[in-house]
Amino acid sequence: MSPMAVDGSLERLRREGRIVVVGASLAGLRAAETLREEGFTGTLTMIGDEPYEPYDRPPLSKQVLLGRVPADHTALPRSRAIEAQWRLGAAATGLDPSAKRVALADGTSVEYDRLLIATGVRSRPWPNELEAGLDGVFVLRTRDDATRLRHRLKAGPSRVLVIGAGFTGSEIASVCRERDLPVTVAERGPAPLSGALGSVIGDVAAELQHQHGVDLRCGVMVTGLEGDGVGRLRRAHFSDGGTVDAEVAVVALGATRNTEWLAGSGLAAGPRGIACDAGCRAFDVRGIVADDVFVAGDVARSPHPLFGYRFLSLEHWGNAVAQAEVAAHNMICRAEERRPHLWTPYFWSAQFGVNIKSVGVPNMADQIIVSQGSLGEHRFTAAYGYQGRVIAAVTFDQAKWLEFYQRQIEQAAPFPPPFATVDRRTEGMRPVPAGFPDPSVPTHGPQVTVSGYSPTDQRVTFTPAGHGRQA
Ligand SMILES: Cc1cc2nc3c(=O)[nH]c(=O)nc-3n(C[C@H](O)[C@H](O)[C@H](O)COP(=O)(O)OP(=O)(O)OC[C@H]3O[C@@H](n4cnc5c(N)ncnc54)[C@H](O)[C@@H]3O)c2cc1C
């Protein structure tokens, strides 16, 4: 039995402890519901920098932009009452783990016995601040972003430029075409979605965009946004010397983890997220787990046993829910009752009339095989292989097979799949390279340096990005 169980402190925590959740969105809400579900009757404080109670983000780039659902009708459904003290519109600005205190922007602070960090990510802004400030330049992460962009799309701009053809950028381009708006998509990589799904599937995504009338430009970067005399966007310049005239530009260059407020806290929090163990306990910069600080959702990086204990940072709705439930359980249970977060990554997207789903970690793969259907028909299932085992699968309008492939991944089934599948075509007889960018090219500078030699005087120092040496 753990010492906590013996001295009754766990029972006290469950009965009258103070739990603080920073980040009042999907992961934060699901954690709060789980805490109450599992019998936590103490004080629960929800701190969120947005003024709204938790809402759902996936509809923002789909139904909301299409005008089918108002942005303020996206509140997340509640599975139960959570009886929390809500501190909305209040950003957490600092964490003192030894005093167990979270500082807020309004100068107040909140003390905790257990803390859950679920601060998610934000859109990476256009890097040139002046250009980012032009009227007509948007990002899409929040309800307010979606309201503003929807309003502008409704006004019928002469052309929309989408910068970045990942999932969000591609979904926005799809909405524009559905609204019959001319749209140009600029993507640095060889094809849309190629960073997430590789260039074999990326080529199919490119075909879809062409078919739907998107002016798709791959292998180019937008080098500048130009305004008119009154500060409205009018033109974009490309790295190949080309230009395009557009009244709206949506910057869809991926996300940045909301970890800056943790600077100086001693936690292993940086641009790639907050490292935590599979039980959601945060690591400090030395790589030692904290017992009272937990992490869940998009901001977390945690090792997954199925994928070689690789630290995964997932921006997936289902991951935020599953990890929040595990974190909440582990926050108030005995050590021997802790659960690992073993969720198999799963993601969906809807664009250009196609329902795309993926399971596993495609970008770990070196090979891909079309195991069912046909790329040419844009209706298929492709399995990804890594070192001779199935590591992921993606379906285009064939979601019914996904569960089967999930089990293949979970059972480390051999790749290429030896089983006979229905609807297998000749193109699926041979695996081909999956076409991911070279993983040996670093995308982040060093964050941590180690000094000292003996175990007693070794020190780990955290160096925030941009302040230290870069690789
Ligand atoms: C447009 C869009 C479309 C998407 N579509 C899909 C999809 O089709 N399928 C899918 O699987 N996933 C999709 N996602 C991803 C999914 O929405 C996320 O995985 C999910 O929202 C993660 O939840 P979270 O609670 O971890 O983080 P978030 O939802 O990012 O919430 C974090 C919250 O913490 C707040 N916060 C940040 N810093 C602080 C601070 N210092 N103090 C207080 N509060 C703070 C943030 O403002 C935010 O409210 C989409 C996301 C977006 C933006």
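The rules behind these values
- Along every chain, residues carry numbers that run from 1 in the direction the sequence is written.
- Two thresholds apply to this predicted model, a pLDDT of at least 70 for residue-level local features and 80 or more for giving and counting side-chain atom pairs, whereas whole-chain, interface and lining totals are computed over all residues.
- Hydrogens and water molecules were not included; the side-chain quantities draw on all heavy atoms of the structure.
- Any residue with a non-hydrogen atom lying within 4 Å of a molecule or strand is treated as near it.
- Pairing of N or O atoms within 3.5 Å defines a polar contact, subject to two protein rules: one partner must be a possible hydrogen donor and the other a possible acceptor, and residues neighboring in sequence count only if both atoms are side-chain atoms.
- For the area figures, the Shrake-Rupley method with a 1.4 Å probe applies, and any residue is considered shielded solely by the protein chains shown.
- A run of H or I in DSSP counts as a helix once it spans at least four residues, and a run of E counts as a strand once it spans at least two, with each numbered from the N terminus.
- Whether two strands pair comes down to DSSP finding at least two bridges between them.
- Working rule for contacts: check all heavy atoms of both residues, and any pair within 4.5 Å makes them a contact.
- Angles here are taken between N-to-C directions and fall from 0 to 180 degrees, while the axes themselves are lines fitted to C-alpha atoms, restricted in helices to the stretch in contact.
- Burial here depends on accessible area, computed with a 1.4 Å probe over protein chains only, as a share of the maximum for the residue type. Under 20% is buried, over 50% is exposed, and the range in between is partly exposed.
- Put simply, the grid is 1 Å and covers the protein atoms alone, a cavity is a trapped set of points that fit a 1.4 Å probe, a pocket is an open set with protein on both sides within 12 Å along at least five of seven lines, and lining residues have an atom within 4 Å of a point.
- Grid points are joined across faces, edges and corners, and a volume is the space filled by probe spheres set on the points.
- All residues other than Ala, Val, Leu, Ile, Met, Phe, Trp, Tyr, Cys, Pro, Asp, Glu, Lys and Arg, Gly among them, are scored as polar; the first ten of these are nonpolar and the last four charged.
- Crossing handedness is read from the near helix: turned anticlockwise from the far helix by less than a right angle, it gives a left-handed crossing, and turned clockwise, a right-handed one.
- A helix is expected to span 1.5 Å multiplied by its residue count minus one.
- The definition of a nonpolar core used throughout is a set of buried Ala, Val, Leu, Ile, Met, Phe, Trp, Tyr and Cys residues joined through side-chain atoms within 4.5 Å.
- Between rings of Phe, Tyr and Trp, where Trp is taken as its six-membered ring, a pair exists when centres lie within 6.5 Å; planes separated by under 30 degrees are stacked, by over 60 edge-to-face, and by other angles tilted.
- The rule is short: NZ of Lys or CZ of Arg within 6 Å of the ring centre and within 35 degrees of the ring normal puts a charge over the ring.

Engineer: Where do I start with the site of the ligand in this structure?
Structural biologist: Near the ligand you find 31 residues, and of these Asp49, Glu50, Arg57, Lys62 and Arg141 are the closest. Contacts to the ligand include Asp49, whose side-chain N or O atom sits 2.5 Å from an oxygen atom. Here Arg57 contributes a side-chain N or O atom positioned 2.7 Å from an oxygen atom of the ligand. Burial of the ligand by the protein amounts to 94% of the accessible area it has alone, namely 1000 Å². Elements with a contribution of two residues or more to the shell around the ligand: helix H3 (26-37), strand E2 (43-48), helix H10 (317-331) and strand E24 (346-351).

Engineer: How should the sheet that holds strand E27 (residues 379-386) be read in this particular structure?
Structural biologist: Two strands in a sheet stick together by hydrogen bonds in their backbones, pointing the same way (parallel) or opposite ways (antiparallel). The strand order E24-E25-E28-E27-E26-E29 describes an open sheet built from six strands, whose pairing is antiparallel. Lying at the two open borders of the sheet, with one neighbouring strand each, are E24 and strand E29 (432-433). Where strand E26 (residues 367-374) and E27 come together, seven bridges link them in antiparallel fashion. By the bridge assignment, Ile369 is partnered in E27 with Ala383. Packing against the sheet, helix H11 (residues 402-410) makes contact with E24, strand E25 (354-360), E26, E27 and strand E28 (389-396), and its axis sits at approximately 165° to E28.

Engineer: Whenever I open this one, the pairing of E27 confuses me. Can you help?
Structural biologist: As a general feature of sheets, a regular strand has side chains that alternate between the two faces. Taken across its eight residues, E27 has six buried, putting it largely inside the fold. The turn joining E26 and E27, which pair antiparallel and follow one another in sequence, is formed by four residues; a positive phi near 60° is taken by His378.

Engineer: Honestly, the sheet that holds strand E10 (residues 160-163) in this entry has me stumped. Any pointers?
Structural biologist: Pairing is parallel in the open sheet, where five strands are placed in the order E9-E16-E10-E11-E12. If you trace the sheet from one side to the other, it starts and ends with strand E9 (137-138) and strand E12 (215-218), each paired once.

Engineer: Teacher, can you tell me more about empty space enclosed by the protein here?
Structural biologist: Taking a probe equal in size to a water molecule and rolling it over the atoms shows the remaining empty space. Applying the stated criterion across every chain yields a total of one cavity of 30 Å³ or more. Taken together, Gly297, Ala300, Ser302, Pro303, His304, Leu312, Ser313, Leu314, Asn319, Gln323, His341 and Trp343 make up the full set of residues lining the largest cavity. Elements that contribute at least two residues to the lining of the largest cavity include exactly strand E22 (300-304) and H10. Of the residues in the lining of the largest cavity, the class split is five nonpolar, seven polar and no charged.

Engineer: Please explain the packing of H3 against H10 as it appears in this structure.
Structural biologist: Two numbers describe a pair of packed helices, the interaxial angle and the distance between the axes. One way to put it is that H3 packs onto H10 with a least axis distance of 8 Å and a crossing angle of 40°. The element H3 and its partner H10 pack so that their crossing is right-handed. Residues Leu26, Ala27, Arg30, Ala31, Thr34 and Leu35 of H3 form the contact with H10, whose own contacting residues are Trp317, Ala320, Val321, Ala324, Glu325, Ala328, His329 and Met331. Of the residues belonging to the contact of H3 with H10, the class tally is 10 nonpolar, two polar and two charged.

Engineer: How do you make sense of helix H7 (residues 167-178) when you look at a structure like this?
Structural biologist: What sets the pattern is the α-helix's 3.6 residues per turn: residues three or four places apart point alike. A rise of 1.5 Å per residue sets the reference length of H7, with its 12 residues, at 16 Å; its end C-alpha atoms lie 16 Å apart and thus fit the reference within 8%. Counted residue by residue, H7 has nine buried out of 12 residues, so it is predominantly covered. If you check which residues of H7 are buried, you get Phe167, Gly169, Ser170, Glu171, Ile172, Ala173, Ser174, Val175 and Cys176. Phi turns positive, to about 65°, at Asp180, one or two residues after H7.

Engineer: Sorry if this is basic, but what is going on with the nonpolar core here?
Structural biologist: Among soluble globular proteins, nonpolar side chains are generally buried collectively. If you look at the biggest cluster of nonpolar residues, it comprises 69 residues, and the most contacted ones within it are Val160, Ile201, Phe380, Tyr384, Val394 and Phe396. Dropping the residues within four chain positions of it, Ile201 is found in contact with Ile368, Leu375, Phe380, Ala382, Tyr384, Val394 and Phe396. Ile19, Leu44, Ala118 and Ile332 belong to the second-largest nonpolar core, a separate cluster that totals 29 residues.

Engineer: Looking at this structure, I do not really get the packing of aromatic side chains. What am I missing?
Structural biologist: Aromatic rings considered in pairs are described by the distance between their centres and by the relative angle of their planes. For the coordinates displayed, the defined rule picks out seven aromatic pairs. On the numbers, 6.2 Å between centres and 75° between planes, the contact of Tyr52 with Tyr55 is edge-to-face. Between the NZ or CZ atom of Arg143 and the centre of the ring of Tyr52, over which it lies, the distance is 3.6 Å.

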